[in-house]
Amino acid sequence: MSASLDQHAASVGNRSHPLQTWQILLALAFVLAVGKALLPPGLVRPPEWMILPFDDWINAAFDFIRNDLGLVVVTRAIADGIEWCLDVTGNLLYGRNRWPRIGPVPWSVVLVSMTMLGYALGGWRLAALAGGTILWIAVMGQWRWSMETLSVILVAAPVSVLLGLVTGVAAWRWRAFERVLNPLLNIAQSMPHFAYMIPVVVFIGVGPKAGAVVTIIFSVPPMIRLTLLGLRKVPSEVVEAGKMSGASQWNLLTRVRIPTARTEILIGVNQVIMQCLAMVVLASFIGMPGLGQRLLQMLQALRIGPAFEIGITIVLIAVTLDRLSRAWAMRKPVHHNPGTSWARRHRLWLIWAGLAVAAWLLAQMVPYFHIVARGQALSLAGPINAVVNAFLDVVSPFTEALRRFLIVQVLIPFRDAILWLPYTTVLAVVAAAGWALGGWRSALVCLAFIVPIAMTGWWDRAMITVYTVLTAVTVAALFGIPCGIWAAGKPSRARRTLLVCDTLQTFPSFIYLIPVVMLFGVSDVAVLAAVMVFAAVPLVRYTVEGLTGIAPEMLEAGQMNGATRWQALRHIRLPLAFPTLLVGFNQSVMFALFMVIIAAFIGTQDLGQEMQRALSATDVGKGLVLGFAVAFLGLMVDHLLMRWSDRVRTGNRRRQGAA
Amino acid sequence: MQRKACLLAGAAALALSFGGPAMAEDSSDPIIIPIHNWSSQIVMSHILGEMLTENGNSVEFVSADSQAVYEAIRLGDVHLQVEVWEGAFAESFDAARAQGGIHAAGAHDAITREEWWYPLWVKDQCPGLPDWEALNACAEIFATPETGDRGRFLGGPVDWLKNDHERVEAMDLNFTVVNAGSAAALWAELAAAERNETPIVLFNWTPNFAEAVWPGEFVEFPPWEEGCLACGHPADGYLKIAAWDGMQENWPSAYAILSRLNFTNPQIAEMARLVDVEGLDPEDAAIAWMEENEDTWRAWMN
């Protein structure tokens with residue numbers, strides 16, 4: 001990637017200088033690599049004195065905070081509060097033996113309620129989706145697990161929304177707070193999930209409450225950002241109007257600003273729900289019950305049929321919640337004409353109440369409508385297994401050959417090559433890329449991200465992560481970008497592709513692991529395939545968006561000059577779409593980093609595996625060090641690609657201005 | 001919550017001891033049983049769950065990391081663990097015991113061993129086994145594309161925290177450790193190897209169903225000593241039952257059942273077989289086992 005990057009920078013940069021600093025840096029990198037045999041060992045791998053015991057320091061700090069300052073008492077008190085809420089939702093949804101001891105609510109009642117909610121928010125189609133999901137869960141005998149999952153989300157999502165809202169408002173109100181918050185959010189959003197979990201285990205323990213807490217922590221950042229964004233966008237006229245009607249500061253905030261920012265805030269709520277679902281499976285590593293735990297067990301037992309069924313359930317829940325919360329965000333408040341009767345204004349509520357009572361009575365008479373017992377549940381596991389096995393018999397010679405070829409011819413040589421490079425070469429290349437794209441500042445920023453990784457002592461593992469991400473994103477680009485170009489050919493096709501991408505992005509990341517484990521078993525190639533598919537989605541999406549978002553005048557100009565379709569694509573559309581494409585690459589890398597860490601449970605050899613060990617040993621220091629290493633890799637790539645994108649965008653604008 | 005309940009129970013017990021003979025009643029709070037990632041533990045947990053439910057207790061299961069669980073028991077977040085393997089968990093268990101809050105409520109008759117292991121067909125291809133030096137001498141027959149010319153040792157999931165990497169380094173073995181993601185992945189690889197009688201050496205343990213399906217032997221490493229790296233795991237390890245200190249007070253009758261629990265090697269292997277070979281759900285396997293062995297577990301009930 002760095003080669004094309006440098007070429008491009010060359011065409012953008014000033015050509016009058018014979019030799020630029022970044023070229024010198026690149027030459028230095030080259031010399032270091034070629035002369036590896038002559039280098040002192042301290043330049044090949046970070047020398048002992050350079051490696052600092054960050055993990056011991058962090059552990060000491062955590063011990064101090066936890067035991068000497070007694071923070072553990074506070075966190076456990078908070079956890080007890082959360083546990084109380086979980087007990088209530090747990091009792092209502094699946095009859096956990098806790099206060100108020102009235103549950104579980106019969107599934108038929110939930111079915112009626114969700115269908116009505118869907119109808120109220122989005123008409124018959126949403127009603128069918130919501131009702132169908134609930135029906136599937138109940139009939140397939142997955143009620144209890146699904147309700148265990150939902151009972152945690154039902155607590156985590158509101159807490160997260162509230163926390164995000166308050167923090168967002170505070171950041172909007174106090175600039176200084178925002179300045180502190182922003183880098184924290186950046187790091188938080190690029191930290192892998194496992195890294196969060198270890199401190200949570202230390203401070204909260206394991207079990208559903210820990211699952212809820214880690215879910216909250218993970219889902220707060222987008223809410224904060226969107227609240228902030230919404231409040232920023234409130235037009236000053238609206239605020240003026242509020243002031244003129246004599247509103248106090250508090251009234252201005254609660255009655256004017258927040259309602260005006262409603263759409264952004266509700267999209268934030270949607271994001272929170274989706275992030276909660278993304279955590280469903282991962283949080284089961286620290287004791288979150290429900291679908292995630294079940295899926296993990298089934299996958300680990302290599303029982304593809306049941307795992308597939310649970311996967312479908314998780315996807316259905318994700319898509320339903322996504323569509324419902326989006327419909328809610330887009331809904332305009334309804335105003336009734338004065339004089340409408342109470343019953344008319346609350347028509348849907350009344351219908352719901354009637355149906356719910358009917359369903360409840362039915363459940364009292366026929367137990368099947370209360371809870372579907374283990375023996376009564378339908379299962380597709382048998383047929384799915386049969387289909388999968390038949391399919392595998394056909395493709396396994398092919399996948400086996402592919403796997404062998406990829407491992408022997410591509411992956412191992414590439415991995416060995418990356419591991420062979422002296423770390424100083426990597427540092428020089430990174431600095432050169434930074435310098436080429438954003439001058440000495442960017443070079444310093446990049447070094448500030450990567451040098452600490454060298455100082456942690458996890459260099460080799462980090463390079464294996466880099467190799468996996470690099471390979472996966474490259475392959476993803478090889479088929480994702482042509483896919484995107486093809487899809488952008490027709491507006492209707494583009495719309496449909498974007499819809500598919502949207503839906504794929506609502507799938508919790510773990511889902512992607514099911515089919516690859518099926519096809520490739522537990523191996524390097526399986527990891528790569530999962531990472532690749534996951535990373536391809538944003539690439540397709542941004543390619544389509546970049547190509548369809550071009551102003552028609554530009555294309556017409558090309559046509560008038562007699563450009564063929566290929567020429568138009570090559571010389572006009574792709575260059576103009578390039579900045580958007582870079583944003584796609586950026587997301588793709590982020591997704592890949594997340595996925596590669598999650599894939600640790602298939603058996604990888606990189607930072608993710610070490611992180612899983614750290615989680616097992618509840619070694620906070622090691623876990624956070626590894627987490628920061630991954631976050632820094634992500635932030636470095638983010639910095640480089642965003643700089644590049646900005647640069648190309650201004651270049652394009654200038655060129656357009658000249659034309 | 002638990003704390004409070006525990007305090008209340010303590011206070012009530014105190015009050016009663018002055019007022020007359022104390023009736024030891026189990027608390028109505030649920031007993032939380034952790035589930036790990038190998039079959040016999042899951043099935044045994046469900047068997048215990050069924051027994052406690054019959055005893056009138058309320059029971060909940062949570063999935064938990066098999067190392068982190070001892071810290072969780074110590075704090076009273078989960079309340080017991082039915083399979084504490086010496087080779088894998090003695091370290092975490094002892095560390096938690098040193099801090100207080102957790103103790104061994106009993107021990108199974110079963111003798112455990114976890115070690116590098118090979119199926120019998122390997123023996124013809126590598127003379128001199130089960131000696132570790134012989135194994136090391138023919139390391140290259142275990143090579144795979146991933147490991148190049150070094151042999152592959154297929155280890156268990158990383159959260160079992162085995163010291164295989166350290167051992168390979170300390171003993172200078174010609175092997176690369178590749179960790180499988182789960183126990184099932186180990187069996188899948190073993191079954192695949194069986195088809196062509198491909199040489200394979202992997203992590204295995206007893207009691208386990210695998211001994212019945214694939215006859216094989218453990219590799220003999222230098223015997224285990226406290227803290228050694230260039231040696232094997234203990235050859236006759238214990239299998240204990242861990243419990244939270246507050247358990248006896250909160251659920252005396254459930255605790256009594258727990259401490260009477262005592263399984264043998266064949267029984268544990270059978271539990272694993274029901275899931276790993278027969279393909280039953282762990283819950284169903286627990287019921288199936290209990291139907292077969294009614295006398296065994298009835299004897300442990302109150």
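A quick note: this is a predicted structure, and the numbers were derived from the prediction, not measured.

Asks: Explain the overall build of chain A to me, and be specific about the residues and the numbers.
Replies: What chain A contains, in helices and strands, is 28 helices and zero strands. The C-alpha radius of gyration computed for chain A amounts to 27 Å, which stays within 12% of the reference 26 Å derived for 659 residues, consistent with globular compactness. Its C-alpha atoms put chain A at 85 × 60 × 60 Å along the principal axes. The burial tally for chain A puts 52% of its 659 residues in the buried class. Long-range contacts, defined as pairs at least 24 residues apart, comprise 80% of the intrachain contacts of chain A with a sequence gap of at least 6. Mean positive and mean negative side-chain charge positions of chain A (52 and 30 charges, respectively) differ by 10 Å.

Asks: If you had to explain the UniProt feature "domain: ABC transmembrane type-1" (unreviewed entry) in chain A to someone new, which residues and values would you point to?
Replies: Under the UniProt annotation, the feature "domain: ABC transmembrane type-1" (unreviewed entry) is placed at residues 146-325 and 462-641 of chain A. For residues 146-325 of chain A, helix accounts for 86% and strand for 0%, while the C-alpha atoms at its two ends are 19 Å apart.

Asks: Outline the sheet that holds strand β4 (residues 102-107) of chain B, supporting the account with residue identities and numerical values.
Replies: All names here are of chain B. If you walk across this open sheet you meet the three strands as β3-β10-β4, and the pairing is antiparallel. Each end of this open sheet is capped by a strand with a single partner; those strands are β3 (80-85) and β4. Adjacent strand axes in the sheet meet at a mean angle of 35 degrees when their direction is disregarded. Sheet topology places β3 next to strand β10 (residues 239-244); four bridges connect them, and they run antiparallel. Residue pairing across strands places Leu80 opposite Ala243, the latter belonging to β10. Packing against the sheet, helix α11 (residues 252-260) makes contact with β3, β4 and β10, and its axis sits at approximately 55 degrees to β4.

Asks: I'd love a proper account of helix α13 (residues 262-282) of chain A, names of residues and values included.
Replies: Between the first and last C-alpha of α13 of chain A there are 31 Å, a value that for 21 residues agrees with the 30 Å anticipated at 1.5 Å per step. Burial analysis of α13 of chain A places 17 of its 21 residues in the buried class, which makes it a mostly covered element.

Asks: Got a sec to walk through a nonpolar patch on the surface? Specific residues and values, please.
Replies: All names here are of chain A. A cluster of nonpolar side chains, Phe64, Ile65, Leu69, Leu71, Val73, Val74 and Ile78, forms an exposed patch at the surface whose accessible area comes to about 630 Å². Put simply, the parts of the chain that give the nonpolar patch at least two residues each are α4 (54-68) and α5 (71-94). In terms of residue count, the dominant contributor to the nonpolar patch is α5 (four residues). Along the polypeptide, Ile78 turns up in helix α5.

Asks: For the nonpolar core, give the residues involved together with the corresponding values.
Replies: Phe510 and Leu513 of chain A together with Tyr70, Trp116, Phe175 and Leu258 of chain B are the most contacted members of the largest nonpolar core, which has 272 residues in total. Take this core: its biggest share by element is 16 residues, from helix α28 (residues 620-658) of chain A. Residue-level mapping places this core at the junction of two domains, with at least three residues from each of domain 1 (28-111 + 237-301) and domain 2 (115-218) of chain B. With six residues, the next largest nonpolar core counts Ile384, Val388, Val395 and Met518 of chain A among its residues.

Asks: With reference to specific residues and values, describe the confidence of the model for chain A.
Replies: Averaged over every residue, the pLDDT of chain A is 86; residues scoring 70 or more account for 96%. Confidence drops under a pLDDT of 50 for residues 1-15 of chain A, and excluding neighbours within four residues, the segment shows 15 contacts in the predicted structure.

Asks: Requested: an account of the sheet that holds strand β5 (residues 113-119) of chain B, with residues and values cited.
Replies: All names here are of chain B. With mixed pairing, the five strands of this open sheet are ordered in space as β7-β6-β8-β5-β9. Each edge of the open sheet carries a strand with a single partner, namely β7 (175-179) and β9 (216-218). Averaged over all pairs of adjacent strands, the angle between their axes in this sheet comes to 40 degrees, without regard to strand direction. Alignment of strand β6 (residues 151-155) against β7, held across five bridges, turns out to be parallel. Among the inter-strand pairings, Arg152 is bridged to a residue of β7, identified as Thr176. Relative to the sheet, helix α7 (residues 164-171) contacts β5, β6 and β7, its axis offset from that of β7 by approximately 180 degrees.

Reading the values: the criteria
Residues numbered from 1 in each chain as written. Chains lettered and ligands numbered in written order. Predicted model: local features only at pLDDT ≥ 70, side-chain atom pairs only at ≥ 80, totals over all residues. Heavy atoms only, no water. Helix = DSSP H or I, 4+ residues; strand = E, 2+ residues; numbered from the N terminus. Rg over C-alpha atoms; globule rule 2.2 N^0.38 Å. Buried < 20%, exposed > 50% of the residue type's maximum accessible area, 1.4 Å probe, protein only. Contact = heavy atoms within 4.5 Å. Lys, Arg positive; Asp, Glu negative; His and termini not counted. Charge placed at Lys NZ, Arg CZ, Asp CG, Glu CD. UniProt positions renumbered as here; feature names shortened; annotations may be inferred. Pairing = 2+ DSSP bridges. Axes fitted to C-alpha atoms, helices over the stretch in contact; angles between N-to-C directions. Expected span 1.5 Å × (residues − 1). Patch = residues over 30% accessible without salt bridge, like charges linked within 9 Å, V, L, I, M, F, W, Y side chains within 5 Å. Areas by Shrake-Rupley, 256 points an atom, 1.4 Å probe, with all protein chains shown as cover. Salt bridge = Lys/Arg side-chain N within 4 Å of Asp/Glu carboxyl O. Core = buried A, V, L, I, M, F, W, Y, C linked by side-chain atoms within 4.5 Å. Domains from an automatic or database assignment. pLDDT = per-residue confidence, 0-100.

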